[in-house]
Amino acid sequence: GAVCASLLAARGVAVTLFDSGRGPGGRMAQRREVMDDGTELRFDHGAPYFTVSNDEVVRVVGGWEARGLVAEWKAMFACFDRETGKFRDFDKEGTMKKYVGVPGMNSICKSLCQEDGVVSKFGVTIGKMDWLQDRSSWSLASLDGKDLGSFDFVVATDKNIASQKVSGLTGKPPPLDLSVFPHLSAMIQDIPVRPCFALMLAFSEPLAMVPVQGFSFYNSDSLSWAFCDSSKPGRHVPPNSQSWVLRSTTEYASKVIDSMGPRKPSADALAKVAEELFREFQATGLNIPQPIFMKAHRW
Ligand SMILES: Cc1cc2nc3c(=O)[nH]c(=O)nc-3n(C[C@H](O)[C@H](O)[C@H](O)COP(=O)(O)OP(=O)(O)OC[C@H]3O[C@@H](n4cnc5c(N)ncnc54)[C@H](O)[C@@H]3O)c2cc1C
């Protein structure tokens, strides 16, 4: 979404960006946590990195690299077989250059949202999007009913704008009434939704039995990936500690979310998820110590 906004602005379009989040990042956000002793921790709890194959995107990312917004993450990846307890397929996932935002994944969006021609408004949730036929424009209103103005075009980057599931959270109909746009309805249905949980972990010592910075899980019902966040370039890491972000399988997340219903997970529910995912991590036999910080997040 931020790339779209900045590319349009670079071509002279006046862009207004609304985001319900407190700051830029979305699914590329970085989470800041403060431990009881005041130590600050940061986690890329969404997208851990990205690769580029399209030439046009290579050029855009090259520009970000020159500006210091992204850097290559020279990480070795592998696959861990939960049944045999062994790593295999070293670097199978690592053949393409891996990029990360510096000092966090959100730095890319942060910079793009401040570019000339982009007016960014955070903490604003779009509650209503109406197409005004007589004025050929969109009228937007916030969830609390404030008029946000009229716009020639709207780019939406979240399927939730037309999802009935939103009503379970807001108690209001979704912002976009799809009955007015039947062709959009089918297109939106085709966009897959893959829920997952991220588990943020910090350890006071490195995981000595893990020889790689990222690995996928084979034969695990609940874990799909693990990334050593503190091994990325430009990260601020407390001395001697190592931080990891684990990602659940979609199947595990769907089962938990189905049992919770369409509401925000409670702190207790997230703590239970964190315990379950951490137990699975320890069951790998990789000598995983007790973490000094552990928290789950639902995506
Ligand atoms: C755990 C995880 C792992 C991932 N791994 C990778 C990876 O390895 N490689 C890769 O390339 N990609 C990965 N992705 C996907 C990548 O993060 C997304 O494709 C990308 O960030 C999407 O950007 P976007 O701007 O389209 O949407 P988003 O980043 O989701 O931004 C949409 C924004 O809209 C806001 N919003 C929603 N509804 C409203 C509303 N009604 N009003 C106002 N604002 C609203 C949201 O708060 C959000 O900030 C991963 C994502 C996740 C969650």
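Note that the coordinates shown come from a computational prediction; the quantities given were computed from them, not determined experimentally.

What counts as what
Residues numbered from 1 in each chain as written. Predicted model: local features only at pLDDT ≥ 70, side-chain atom pairs only at ≥ 80, totals over all residues. Heavy atoms only, no water. Phe/Tyr/Trp six-rings, centres within 6.5 Å; stacked < 30°, edge-to-face > 60°. Helix = DSSP H or I, 4+ residues; strand = E, 2+ residues; numbered from the N terminus. Buried < 20%, exposed > 50% of the residue type's maximum accessible area, 1.4 Å probe, protein only. Lys NZ or Arg CZ within 6 Å of the ring centre and 35° of its normal. Core = buried A, V, L, I, M, F, W, Y, C linked by side-chain atoms within 4.5 Å. Contact = heavy atoms within 4.5 Å.

As for the packing of aromatic side chains
Within a pair of aromatic rings, the relevant descriptors are the distance that separates the centres and the angle that separates the planes. The tally for this structure, following the rule as stated, stands at 23 aromatic pairs. When the ring of Y49 is compared with that of F77, the centres are 5.4 Å apart and the planes differ by 85°; the resulting orientation is edge-to-face. Placement of the pair is Y49 in the loop between β3 (40–43) and α2 (55–66) and F77 in strand β5 (residues 77–81), with a sequence separation of 28 residues. With 6.4 Å between their ring centres and 45° between their planes, F87 and F90 make a pair best called tilted. Classification of F87 by relative accessible area gives buried; the value is 16%. Three or more aromatic residues joined by ring pairs form one cluster here, namely F80, F87, F90, F215, F217, W244 and F281. A cation sits over an aromatic face here: R88 above Y218, 4.5 Å from the ring centre. Cation over ring: K98 sits above F77, and NZ or CZ is 4.4 Å from the ring centre.

Observations concerning the nonpolar core
Of all hydrophobic cores here, the largest spans 32 residues; its most connected members are F197, F215, W244 and F281. When contributions to this core are tallied by element, the ones reaching two or more residues are β5, β12 (197–203), β13 (214–218), β14 (223–228), β15 (242–248), α6 (250–260) and α7 (267–282). A total of 7 residues in this core trace back to one element, the largest contributor, which is α7. Those residues within four positions of F215 in sequence are excluded, and the remaining contacts are A78, F80, F87, V210, S224, W225, A226, W244, F281 and L286. Formed by 25 residues, the second largest nonpolar core is a distinct cluster that contains V15, F77, C109 and W225.

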